[in-house]
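The chain contents come next:
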Amino acid sequence: MPPSVAIVTDSTAYLPAVPPGVTVVPLQVIVGGRPYDEGTQAGIGEWTPVTTSRPAPHRFAEVYAEAFSSGASGVVSVHLSGDLSGTAEAARLAAAEAAGPVEVVDSRSIAMGLGFPVLAAVRAAGAGRTLEEVATIARTSAARTQTYFYVDTLEYLRRGGRIGAAATLVGSALAIKPLLRIDGGRIVPLEKVRTAARAIARLEDLAVAAAGFGAAGEEPVDVAVQHLSAQGRAEALAERLAKRLRKLVRLSVVEVGAVIGVHVGPGALGITVSPSS
């Protein structure tokens, strides 16, 4: 018997595998003025103007209607940070008109910072939890999940207007390899590092610290290493983390899609650490 609470998310979760019963609503990539659902866009040329856009509310309305017509008693809809996109707001507009109760959860993050709360919601729904319980578990997972990332250049974030407080680093961007984090739903600067090798080593140390390595009461953790066009570096980083994290439960290596790729650029690496359910 399928869970009575349906789970919906968006394409920026970049789940390693989409669990049965989860519906993914795609954001859009605008290539040369033409919109494509993420994952279906044509090749992007070097000089082609590219932007991104939230899904229209009717896309969520259709998904919610299908969930209720299939017997769901409620929907938990978990999405990327509202400070980075209007996706959660589009979901709320659709939820207000839905045929049944819909709880919209702003993960205050992106990529697997969103993906881990989605997976927590899936497990809770599968265990027969109520709508309110599933939404609370998703929010709790999101609040306890930490994401750090490295970009080769801040130029892509600057172009996309997603740089926030990290704008203070732009003036010295050519001389540094910036480390950033998601904090309160926004991208904020963390540290300035002089070389890519040092930046990646520091990223590894930050992930180990976030996992509570060596601390009393250390908890089991799930970790995702995310990248854009840096598979080799991501896999090597994952191998090192597997050796250092004593209570690692799940480890995945995920390549992000075009919506994030437009804003971080090739060579980006990120690590998300989340307490394991």
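Scroll up for the structure.
A brief look at the structure comes next. Just so you know, these numbers come straight off a predicted model, no measurement behind them.

Reading guide: rules and limits
- Residues numbered from 1 in each chain as written.
- Predicted model: local features only at pLDDT ≥ 70, side-chain atom pairs only at ≥ 80, totals over all residues.
- Heavy atoms only, no water.
- Helix = DSSP H or I, 4+ residues; strand = E, 2+ residues; numbered from the N terminus.
- Buried < 20%, exposed > 50% of the residue type's maximum accessible area, 1.4 Å probe, protein only.
- Contact = heavy atoms within 4.5 Å.
- Areas by Shrake-Rupley, 256 points an atom, 1.4 Å probe, with all protein chains shown as cover.
- Core = buried A, V, L, I, M, F, W, Y, C linked by side-chain atoms within 4.5 Å.
- Pairing = 2+ DSSP bridges.
- Axes fitted to C-alpha atoms, helices over the stretch in contact; angles between N-to-C directions.
- Polar contact = N/O pair within 3.5 Å; in protein donor to acceptor, adjacent residues only side chain to side chain.

Here the focus is the overall build of the protein. Within the protein one finds eight helices and 13 strands. When each of the 277 residues of the protein is scored for burial, the buried share is 50%. Long-range pairs, those at least 24 residues apart, make up 72% of the contacts in the protein between residues at least 6 apart in sequence. When the accessible surface of the protein is summed, it comes to about 12,300 Å², and 53% of that surface belongs to carbon and sulfur atoms.

It is worth spelling out the nonpolar core at this point. One recurring pattern in soluble globular proteins is that nonpolar side chains are buried together. By size, the foremost hydrophobic cluster in this structure holds 46 residues, and its most contacted members are Ile 7, Val 76, Val 118, Val 134 and Phe 149. Elements with a contribution of two residues or more to this core: β1 (5-10), β3 (28-31), β6 (74-79), α3 (112-126), α4 (131-144), β9 (177-183) and α8 (258-264). Per-element tally for this core: the top contributor is α3, with nine residues. Once residues lying within four places of it in the same chain are set aside, the contact partners of Val 118 are Ile 7, Thr 9, Leu 15, Val 22 and Val 78. Listed in part, the 23 residues of the second largest apolar core include Ala 199, Leu 206, Ala 207 and Ala 234.

Let's shift gears to the sheet that holds strand β2 (residues 22-25). Spatial ordering of the open sheet is given by β2-β1-β6-β7, a layout of four strands whose pairing is parallel. Each of the sheet's edge strands pairs with one partner strand only, and the pair in question is β2 and β7 (102-106). Taking each pair of neighbouring strands and ignoring which way they run, the sheet shows an average axis angle of 20°. With five bridges connecting them, β6 and β7 associate as parallel partners. Residue pairing across strands places His 79 opposite Asp 106, the latter belonging to β7. Across the face of the sheet, α4 comes into contact with β1, β6 and β7 while running at roughly 5° to β7.

With that settled, consider the side chain of Thr 272. In this structure, Thr 272 sits in strand β13 (residues 269-275). Taking relative accessible area as the criterion, Thr 272 reaches 0% and is therefore assigned buried. In terms of polar contacts, Thr 272 uses its side chain to reach the side chain of Gln 226, at 3.1 Å. Discounting chain neighbours no more than four positions away, the residues touching Thr 272 are Met 112, Gly 113, Phe 116, Thr 145, Gln 146, Thr 147, Asp 222, Val 223, Ala 224 and Gln 226.

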